[in-house]
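Examination of the molecular architecture
Spelled out from the first residue to the last, the chains are:
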Amino acid sequence: MTTTFTDETRERAREIIARYPSDRSRSALLPLLHLVQAEEGYVSPAGVAFCAEVLGLNKAQVGAVATFYTMYKRKPTGDFLVSVCTNTMCNVLGGQEVYDTLAEHLGVGHDETTADGTITLEHAECLAACDYGPVMTVNYDFFDGVDASTAVGVVDELRAGGRPMPTRGARLCTLKEMAVQLAGFADEREGAVADGGPGEPTLRGLRLAQQHGVSVPGFDPNTPIRSKAEADKAAAEAKAKAEAAKPAPVEASAAPVKGGDGASAPTGAVVATEPTKSADATEPAAATEPAKSADATEPAATSAAASGSTTRDVKAPDDTSPQVRTAETRQPDANTAVPDAPGTKVPTDGTGTAPEAGDARSAEAAGVAANAPASDGKPAGDEAGAQERNLTEAKAGTDADGATSSDANETGAQK
């Protein structure tokens, strides 16, 4: 049966696609799958075709995504999806017992729905709430610290039309209503987010911080959260203030500096000034060093004190890529070997003579020639001659020793 999606669903689909750049519309596939699940209760073949149609994809591409994520149901699902964690922590605390009790009480197994269409049961590998175990969720809202009896009480209330309050989170809604939220639309029910709250283990860190007076330096809990515009403005003002606080750069004197021979030194030269000596000083005049240009660049120091390493820097042997240099170091020949490379020794032929240039490349070429790639028609290693011989013997009904047809078949298989 072909499903015709409502105008509201199509309008929401256009709204979802508009959230993404025009050349990235495929990114809208995940919320679109939640959207079709919100209308049908699962992702049907019609839902896959709908998503492919509005995104310009083929159905195989959409189906590959829909079958990858477990939140997309591929068959009709109940109003309430009850998931029981049976992973290590919850299992040790009794999660498997909770699941087994619910399966027997409801008369369904994993990923099965009750006859009245109310509840679908599944075991979950992990619900990411180990500190609350054993846990189960109803349409992804948590019920913490459950046991077999409390879990049965929750499903019985659901089947009776009630909406038990989750331990954490807002009021329960149906799976279709939850799918609308997962598609990116607000929950419009009256008082939908009026209830709920964090669990005590989640607040434990906050309680300890309050008890011991631990807080972030300068933190004021009464400070309102600024809007983005206010935050950007404050950041711009702080940047301008930091720029203004920077010291002005020192400009070199424009007056020409005389060299030792009376000639003018290059413009911008830096000359060190020595203290003035008395006239009766008997020490010979110090040699004048040539002035250095202000824009001259000296090589950076590579001492152990500067780098923190006691290993000297070794220049790369050439300008080839690191991958090529590594390969040449591991299997060098006379032309490419680097004698002083760490851990490298040029191979010899036993007489102390290095091999001929290009020996490594020749050996590689010979290995490639001896191992022809397999074609698409047969796996690597098969011999066409052996296959033809076996077929010929099977048709003849006898082999060279006069064996029967069945013997020939067996012989061929052995060969």
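Here is a short report on the structure shown in this document. Predicted model, so just to flag it, every value in this text is computed and none were measured.

It is worth spelling out the pairing of strand 1 (residues 80-85) at this point. In terms of burial, strand 1 is a largely internal element, six of the six residues being buried. Here strand 1 shows a buried face lined by Phe80, Val82 and Val84 and a second buried face lined by Leu81, Ser83 and Cys85. With six bridges connecting them, strand 1 and strand 3 (residues 119-124) associate as parallel partners. Residue pairing in the sheet places Leu81 in a bridge with Thr120 of strand 3. Pairing analysis gives three bridges linking strand 1 to strand 4 (residues 136-138), with the strands arranged antiparallel. Across the sheet, the residue bridging to Ser83 is Thr137, located in strand 4.

With that out of the way, let us pick up the pattern of salt bridges. Taken as a whole and assessed by the stated rule, the structure comprises nine salt bridges. Among the ionic pairs, Arg168 bridges to Asp144, the shortest N-O distance being 2.8 Å. Residue Arg168 is found in the loop between helix 7 (148-159) and helix 8 (175-182), and its partner Asp144 is found in the loop between strand 5 (141-143) and helix 7; the two are separated by 24 residues along the sequence. Accessibility assignment for this pair places Arg168 and Asp144 in one class, buried. Lys246 is the salt-bridge partner of Glu243, the closest N and O atoms lying 3.7 Å from each other.

As a further point, take the sheet that holds strand 4. Taken together, the five strands give an open sheet; going across it, the order is 2-3-1-4-5, and neighbouring strands pair in mixed fashion. Each edge of the open sheet carries a strand with a single partner, namely strand 2 (112-113) and strand 5. Relative to strand 5, strand 4 runs antiparallel, the two sharing three bridges. Across the sheet, Met136 pairs through a bridge with Phe143, a residue of strand 5. In this fold helix 7 packs onto strand 1, strand 3, strand 4 and strand 5, with an angle of close to 10 degrees to the strand it touches most, strand 4.

Scanning the model with the defined rule gives three aromatic pairs in all. Ring geometry for Phe5 versus Phe50: centroids 4.7 Å apart, planes at 40 degrees, classification tilted. Here Phe5 is found in the segment before helix 1 (7-17), whereas its partner Phe50 is found in helix 3 (residues 45-55), with 45 residues between them in sequence. Judged by relative accessible area, which is 5%, Phe5 ranks as buried. A residue is classified by how much of its surface remains accessible, and Phe50, at 2% relative accessible area, is buried. Where Phe68 meets Tyr69, the ring centres are 4.9 Å apart and the plane angle is 80 degrees; that geometry is what we call edge-to-face. Exposure remark for Tyr69: the relative accessible area of 39% places this residue in the partly exposed category. Grouped by ring-pair contacts, the aromatic residues Phe68, Tyr69 and Tyr72 constitute a single cluster. Stacked on the ring of Phe185, the Lys or Arg Arg19 has its end atom at 5.0 Å from the ring centre.

Scoring rules and cut-offs
- Residues numbered from 1 in each chain as written.
- Predicted model: local features only at pLDDT ≥ 70, side-chain atom pairs only at ≥ 80, totals over all residues.
- Heavy atoms only, no water.
- Buried < 20%, exposed > 50% of the residue type's maximum accessible area, 1.4 Å probe, protein only.
- Helix = DSSP H or I, 4+ residues; strand = E, 2+ residues; numbered from the N terminus.
- Pairing = 2+ DSSP bridges.
- Salt bridge = Lys/Arg side-chain N within 4 Å of Asp/Glu carboxyl O.
- Contact = heavy atoms within 4.5 Å.
- Axes fitted to C-alpha atoms, helices over the stretch in contact; angles between N-to-C directions.
- Phe/Tyr/Trp six-rings, centres within 6.5 Å; stacked < 30°, edge-to-face > 60°.
- Lys NZ or Arg CZ within 6 Å of the ring centre and 35° of its normal.

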